[in-house]
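Working through the structure, step by step
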Amino acid sequence: MITKKDLKFLQEIEKLEPRAKCLRAQIACMIVKGNKILVKYTNDWMKGYACSHIGCIRNIMEIPSGTRREICYGLCAEQWALSLAAKNGISVKGATLYCTKHPCRICSSMISIAGIKRVVFQEGYPEVLPNFDILKTSGIKVEQAPTTPMKSSKIPKAHTV
């Protein structure tokens, strides 16, 4: 069940989402334990590989959404958040992950391994397959939440990177 506390954290990531640097999709993520925000980030490219300067390799190569993710210079918001938590020695075990879009398969695996116990997302990806749901089979509680009034109208509907 989505609570008022959940909506507060969702508003925070909705304010963060427009700052995502990816040229294809804007996504924000926040990991919270209790009432403490442990880490938050958006999807972004790796330092030295700014797509705003070199162009989106996936667009240049006309790669369909949801395929060939391995050639992208960017990382998902969830990957950034989990990596930054690990880099800074922050345990996310038992935490809740808030995300503006449903986690992809790679992120779902990382979320499961990291010990996240709950995922709250706002929009699903159209490409998410109903089979082999890593989050569900890992015993992670997954809840879809509504967007809040903080949601930027400039953010396009969900699609994969």
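We now turn to the structure provided with this report.

What counts and what doesn't
Residues numbered from 1 in each chain as written. Predicted model: local features only at pLDDT ≥ 70, side-chain atom pairs only at ≥ 80, totals over all residues. Heavy atoms only, no water. Helix = DSSP H or I, 4+ residues; strand = E, 2+ residues; numbered from the N terminus. Buried < 20%, exposed > 50% of the residue type's maximum accessible area, 1.4 Å probe, protein only. Contact = heavy atoms within 4.5 Å. Pairing = 2+ DSSP bridges. Axes fitted to C-alpha atoms, helices over the stretch in contact; angles between N-to-C directions. Salt bridge = Lys/Arg side-chain N within 4 Å of Asp/Glu carboxyl O. Arc of directions from axis to C-beta. Core = buried A, V, L, I, M, F, W, Y, C linked by side-chain atoms within 4.5 Å.

On to the overall build of the chain. Each helix and strand counted, the chain has six helices and seven strands in total. Shown N-terminal to C-terminal, the secondary structure of the chain runs as helices and strands in the order α-β-β-β-α-α-β-α-β-α-β-α-β. Across the 161 residues in the chain, those meeting the buried criterion constitute 46%. The contacts in the chain between residues at least 6 apart in sequence include a share of 62% that link residues at least 24 apart.

What the five strands build is an open sheet, ordered β2-β1-β5-β6-β7; its pairing is mixed. What marks the edges here is a single partner per strand, and that holds for β2 (36–42) and β7 (141–144). Going across the sheet, the axis of each strand differs from the next one's by a mean of 15°, ignoring polarity. Looking at chain direction, strand β6 (residues 118–123) and β7 are connected through four bridges and run parallel. Residue R118 lies in a different strand from β7, and its bridge partner there is K141. Along the sheet face, helix α1 (residues 4–16) touches β1 (28–33), β2, β5 (96–101) and β6 and points at about 145° away from the line of β1.

So, about the pattern of salt bridges. Overall, the coordinates contain eight salt bridges when judged by the stated rule. In this structure, E12 engages K15 in a salt bridge whose closest nitrogen and oxygen atoms are separated by 3.2 Å. Taken as a pair, E12 and K15 lie in helix α1 at a separation of three residues, close to a single helical turn. Here E143 ties to K141 by a salt bridge, and the two come within 3.9 Å at their closest N and O atoms.

Those residues of helix α5 (residues 105–114) lying buried are C107, S108 and I111. The buried residues of α5 occupy an angular sector of 105° when the element is viewed end-on, so they sit on one face. Following α5 by one or two positions, G115 has its phi on the positive side, about 90°.

Turning our attention to the nonpolar core. Core analysis: the largest hydrophobic core is formed by 21 residues, its most contacted members being C29, I31, V92, L97, I111, I116 and V119. Mapped onto this core, the elements with two or more residues apiece are β1, β2, α4 (77–87) and β5. Contacts of V92, omitting those with residues within four sequence positions, involve I31, L38, L82, A85, A114, G115 and I116. Among the nonpolar cores identified, the runner-up in size contains 10 residues, and F9, V32, Y98 and V120 belong to it.

Right, let's get into unusual backbone geometry. Positive phi, close to 55°, is recorded for E62, a residue that is not glycine. With respect to the helices and strands, the residue E62 is situated in the loop between α3 (57–60) and β4 (74–75).

Take it as geometry only, folks, not as evidence of what the structure does.
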